[in-house]
Amino acid sequence: MNKKRQTVITVTGYIGFFLLTAAIIMAGVLIYSPVAEASGGNNAVIAGVMLAVIVVLALICTLVDFLRRKFTVDKPVREILDGVERMARGDFSAKLTPSHAFEDYNSFDLIKDNVNTLAAELSKTEIFRNDFIANVSHEIKTPLAVIRNYASAIKNPALPEDTRREYAAVLEGAAKRLSDLVTNILSLNKLENREILPKPEMADVSELLRERIVQLEDTFEKKRLNFDCDIDDIITPADVGLLEIVWNNLLSNAIKFTPEGGNIFIALKDSPRFITLTVKDDGCGMNAETGAHIFDKFYQGDTSHSSEGNGLGLALVKKVVDILGGEINVESAPGEGSTFTVRLRKAEENA
Ligand SMILES: Nc1ncnc2c1ncn2[C@@H]1O[C@H](COP(=O)(O)OP(=O)(O)O)[C@@H](O)[C@H]1O
Ligand SMILES: [Mg+2]
């Protein structure tokens, strides 16, 4: 929107004010001869009458200026002050009405417009803050309840050894969930505040991805997932830590949302300016409604097992992709699996 920055008193206003002042002074000058004539040249009378005329004319000027200020300055300033005071009290519903049509906006109208935008933004932040607190509390409560219950159960001396080991594993899982939550929130916060900036260093990206896949072999085997990959040899400047956030989350989702015996495929492809990572699974997939929200913080689709993850994974991936100057696309349909494709611009070393 292109907003003109008009002054409070417009050119027309100045011309009007000039003509009015000129007319009043002219009236004072024109009145001199009739007064002089009527007084028969008596200087004392002329001086007295002229003084009275000047006082009256000055009063008229003051009144005109008073009215002008009242309507063009005091009124909008008071409205703006009222609005800002309401905002200071936490009421962001206040909406200030500009006094002119959009194309004739003056500076006060622009200030009102900006105060309205500020109120809308603050109200969004407020809603976001409340949602955030509710989401974090919810995510913390579940593993904490698990920890409390299993910790008290494990105290029972009569517990068989294998059950105790099983409970200890549950405790470990819940603690890991809490620590993942905190790590994800901190990383997301840093990425959003631009505290993490890419620090590309020459790296064998393909080797790092292969290493990660090897680490996941146990998980693939446990879930009897068939795994296939097509990885180009890519040695390029890259911020390895950020790349890991992307493939770790896409891989863990593919594993999580693919039932036993399913298939997962990963490709890393090189081109002169981009590297493209594809993670494809033939798991539960998602509908369009879910697809529209997967990058929102704390969003978990119906198919997500709420005991795993916290809905921050893809929000993190999206932020990283934005920071690295790339794009992420998803193709998915319920029951037909999902394909996530991330295209990242190649970095320059230590850029
Ligand atoms: N490979 C996938 N297949 C099906 N749904 C997926 C897949 N990846 C992500 N999703 C959907 O996107 C949501 C958000 O993912 P994410 O942010 O990683 O959160 P989480 O893994 O904690 O549920 C998931 O809850 C799920 O509904
Ligand atoms: Mg996830």
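Computed from a prediction, not measured in an experiment: that's the story for all the values here. What you see as residue numbers is a count from 1 along each chain, following the sequence as written. Starting at A for chains and at 1 for ligands, labels are handed out in the order in which the entities are written. Per-residue local features of the predicted model are confined to residues with pLDDT of at least 70, and side-chain atom pairs are confined, for both listing and counting, to 80 or more; whole-chain, interface and lining totals are unaffected and use all residues.

Comments concerning the overall build of the protein chain
Alright, step 1. To qualify as a helix, a DSSP run of H or I must reach at least 4 residues; to qualify as a strand, a run of E must reach at least 2; elements of each kind are numbered from the N terminus. Along the protein chain, the regular secondary structure elements total nine helices and seven strands.
Alright, step 2. A buried classification covers 19% of the 351 residues belonging to the protein chain.
Alright, step 3. By the convention adopted here, residues are in contact when the distance between their C-beta atoms, placed from the backbone, does not exceed 7 Å. Taking all contacts inside the protein chain whose residues are at least 6 apart in sequence as the whole, residues at least 24 apart take part in 67%. The exposure label follows from counting other C-beta atoms within 10 Å of a residue's C-beta, where the C-beta atoms are placed from the backbone and the thresholds are 20 or more for buried and 12 or fewer for exposed, leaving partly exposed in between.

Topic: helix H4 (residues 161-192)
Because the α-helix completes a turn every 3.6 residues, residues three or four places apart line up on one side.
Alright, step 1. For a helix, the expected span equals 1.5 Å multiplied by the residue count minus one. Across its 32 residues, H4 extends 46 Å between first and last C-alpha, which sits within 8% of the 46 Å expected from 1.5 Å per residue.
Alright, step 2. Among the residues of H4, those classed as buried are Ala174, Arg177, Asn184 and Leu191.
Alright, step 3. Contacts from the buried residues of H4 go to helix H3 (107-154) and helix H9 (313-323).
Alright, step 4. Just beyond H4, the residue with positive phi is Arg194, at close to 55 degrees.

What about the nonpolar core?
Alright, step 1. Linking buried Ala, Val, Leu, Ile, Met, Phe, Trp, Tyr and Cys residues through C-beta atoms within 7 Å yields a set, and such a set is a nonpolar core. Counting residues in each nonpolar core, the largest one holds 35 residues, and the members touching the most others are Val246, Leu250, Val317, Val320 and Val321.
Alright, step 2. Those elements that place two or more of their residues in this core are helix H5 (205-215), helix H7 (240-256), strand E4 (263-270), strand E5 (274-281), H9 and strand E7 (338-345).
Alright, step 3. The element contributing the most residues to this core is H7, with nine residues.
Alright, step 4. Every residue in contact with Val320, bar those within four places of it in the chain, is listed here: Leu191, Leu242, Ile245 and Val246.

Overview of unusual backbone geometry
Alright, step 1. Phi is positive for Arg224, which is not a glycine, with a value near 50 degrees.
Alright, step 2. Here Arg224 shows up in the loop between helix H6 (217-222) and strand E2 (226-231).
Alright, step 3. Given 10 C-beta atoms within a 10 Å radius, Arg224 is considered exposed.

Describing helix H1 (residues 11-38)
Alright, step 1. Its 28 residues give H1 an end-to-end C-alpha distance of 41 Å, which sits within 8% of 40 Å, the value for a rise of 1.5 Å per residue.
Alright, step 2. Taken as a whole, H1 carries its principal kink of about 25 degrees at Tyr32; the proline Pro34 stands between one and four residues after it.
Alright, step 3. Taking burial as the measure, the 28 residues of H1 include zero buried ones, a minor fraction of the element.
Alright, step 4. Positioned one or two residues after H1, Gly40 has a phi angle of 65 degrees, which is positive. Bend, at a single residue, is the angle you get between axes fitted to the 7 residues ending at that residue and the 7 residues starting at it.

Focus: the pairing of E4
Alright, step 1. As judged from the six bridges shared by E2 and E4, these two strands associate in the parallel manner. Opposite Asp228, over in E4, you have Phe265 as the bridge partner.
Alright, step 2. Any two strands with at least two DSSP bridges between them are considered paired. Bridge count for E4 against E5 is seven bridges, and the pairing is antiparallel. Bridge pairing links Lys269 to Thr276 in E5.

Digging into the packing of H1 against helix H2 (residues 43-88)
Alright, step 1. Packing of H1 against H2 leaves a shortest axis separation of 10 Å and a crossing angle of 165 degrees. One element, H1, and the other, H2, form an angle in the roughly antiparallel class. The handedness of the crossing between H1 and H2 is right-handed. Along its contact with H1, which presents Leu20, Thr21, Ile24, Ala27, Gly28, Ile31, Tyr32, Val35 and Ala36, the element H2 presents Ile46, Val49, Met50, Val53, Ile54, Leu57, Ile60, Cys61 and Val64.
Alright, step 2. When residues are grouped by polarity, Ala, Val, Leu, Ile, Met, Phe, Trp, Tyr, Cys and Pro land in nonpolar, Asp, Glu, Lys and Arg in charged, and all others, Gly among them, in polar. The residue inventory of the contact of H1 with H2, partitioned by class, reads 16 nonpolar, two polar and no charged. Axis definition: a line fit to C-alpha positions, over the contact stretch in the case of helices; interaxial angles, taken between N-to-C directions, run 0 to 180 degrees. Oblique is the label for any angle not covered by the other classes, which are roughly parallel (under 35 degrees), roughly antiparallel (over 145) and roughly perpendicular (65 to 115). Crossing handedness is read from the near helix: turned anticlockwise from the far helix by less than a right angle, it gives a left-handed crossing, and turned clockwise, a right-handed one.

With respect to the sheet that holds E5
Alright, step 1. With mixed pairing, the five strands of this open sheet are ordered in space as E2-E4-E5-E7-E6. Sheet topology places E2 and strand E6 (326-332) at the edges, where each strand pairs with a single neighbour. The average angle at which neighbouring strand axes cross in this sheet is 10 degrees, direction not considered.
Alright, step 2. Sheet contacts for H7: E4, E5 and E7; angle to E5, the most-contacted strand, approximately 15 degrees.
Alright, step 3. With respect to the sheet, H9 is in contact with E6 and E7, its orientation differing from that of E6 by roughly 140 degrees.

Considering the packing of H3 against H4
To characterise two packed helices, one gives the angle between the axes of the helices and the distance between these axes.
Alright, step 1. Contact geometry of H3 with H4 gives a least axis separation of 9 Å together with a crossing angle of 160 degrees. Put simply, H3 runs roughly antiparallel to H4. As H3 packs across H4, the resulting crossing turns out to be left-handed. For the pair H3 and H4, contact is made by Val136, Glu139, Ile140, Pro143, Val146, Ile147, Tyr150, Ala151, Ala153 and Ile154 and by Arg164, Tyr167, Ala168, Val170, Leu171, Ala174, Ala175, Arg177, Leu178, Leu181 and Ile185, respectively.
Alright, step 2. Of the residues belonging to the contact of H3 with H4, the class tally is 18 nonpolar, no polar and three charged.

In short, shape yes, function no, at least from these values alone.
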